[in-house]
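# A look at the structure
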Amino acid sequence: ALPELALAEFPQTPLRNTPRGVVCMLFRALLLITDDWDEAFSALSYVLARPTHEEHETTRLLRIFQSTPHVLLSYLGGTPENGYDISPLLQPHIVEEACVELKEKEATIYIQSAGRTYASKIFLRQNKDGHWKVFEFSDLGIGVTPPAKVDDDF
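Residues numbered from 1 in each chain as written. Predicted model: local features only at pLDDT ≥ 70, side-chain atom pairs only at ≥ 80, totals over all residues. Heavy atoms only, no water.

With that settled, the discussion passes to the packing of aromatic side chains. For any pair of aromatic rings, the description consists of the separation of the ring centres together with the inter-plane angle of the planes. Throughout the structure, instances matching the rule amount to 3 aromatic pairs. Centroid distance Phe27 to Tyr75: 5.7 Å. Interplanar angle 50°. Geometry classified as tilted. With Phe27 in helix α1 (residues 19-31) and Tyr75 in the loop between α5 (69-73) and β1 (93-94), this residue pair connects regions lying 48 residues apart in the sequence. Take Phe27 and Tyr75: they sit in the same class, and that class is buried. (Phe/Tyr/Trp six-rings, centres within 6.5 Å; stacked < 30°, edge-to-face > 60°. Helix = DSSP H or I, 4+ residues; strand = E, 2+ residues; numbered from the N terminus. Buried < 20%, exposed > 50% of the residue type's maximum accessible area, 1.4 Å probe, protein only.)

Printed below as a string of structure tokens:
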């Protein structure tokens with residue numbers, strides 16, 4: 001399951017100390033998008049590198065997750081066939097054979113969506129405090145199959 005993490009826990013969580021932990025934090029923050037935009041942006045400030053957090057492309061990507069939540073849910077256990085129901089809520093599936101540590105302070109992690117053929121790339125770097133930050137995650141927002149149509153139940 002995806003680790004529980006309240007906004008107040010973001011600054012001190014040990015998840016910040018590993019690339020995989022930060023990927024979990026990224027999804028926890030993104031799940032806030034549909035409920036509270038400001039809270040999501042606050043959480044993302046602990047996850048995204050400052051330039052990434054402030055760029056227009058990030059806002060555009062967040063709007064995609066807000067308007068088409070199935071894209072985000074496809075990484076957490078939802079499938080096109082189940083309408084992207086995420087019960088139980090799973091951790092993002094890291095593609096182990098593609099997960100590459102580039103250098104001592106850089107990492108690329110590939111995660112698989114149930115609604116996409118190819119894995120999505122998340123690029124991270126470690127800052128001077130030892131915390132990992134996401135620099136690139138735009139792959140998450142593209143190419144996810146919409147939910148299968150379900151006839152209306154009248």
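At a closest axis distance of 13 Å, the pairing of helix α2 (residues 37-44) and helix α4 (residues 56-67) adopts a crossing angle of 130°. On the basis of their axis angle, the class for α2 and α4 is oblique. With respect to the hand of their crossing, α2 and α4 are arranged in right-handed fashion. Of the residues in α4, those in contact with Trp37, Phe41 and Leu44 of α2 are Thr59, Leu62, Arg63 and Gln66. Class assignment of the residues belonging to the contact of α2 with α4 gives a composition of 4 nonpolar, 2 polar and 1 charged. (Axes fitted to C-alpha atoms, helices over the stretch in contact; angles between N-to-C directions. Parallel < 35°, antiparallel > 145°, perpendicular 65-115°, else oblique. Left-handed = near helix turned anticlockwise from the far one by under 90°. Contact = heavy atoms within 4.5 Å. Nonpolar A, V, L, I, M, F, W, Y, C, P; charged D, E, K, R; others polar.)

Looking now at α1. If you check α1, its first and last C-alpha atoms are 19 Å apart, about what 13 residues at 1.5 Å a residue would give, namely 18 Å. The buried count for α1 comes to 12 of 13 residues, which makes it a mostly enclosed element. When we look at burial in α1, the residues that qualify are Pro19, Gly21, Val22, Val23, Cys24, Met25, Leu26, Phe27, Arg28, Ala29, Leu30 and Leu31. (Expected span 1.5 Å × (residues − 1).)

Bringing the environment of Ile33 into the picture now. By the secondary structure assignment, Ile33 is in the loop between α1 and α2. You can call Ile33 buried: its relative accessible area is 1%. Considering only alpha carbons, one finds Ile33 and Phe65, 32 residues apart in sequence, at a separation of 7.2 Å. The contacts of Ile33, once residues within four sequence positions are left out, are Ala40, Leu62, Phe65 and Gln66.

No statement about biological role is implied by the geometric values presented.
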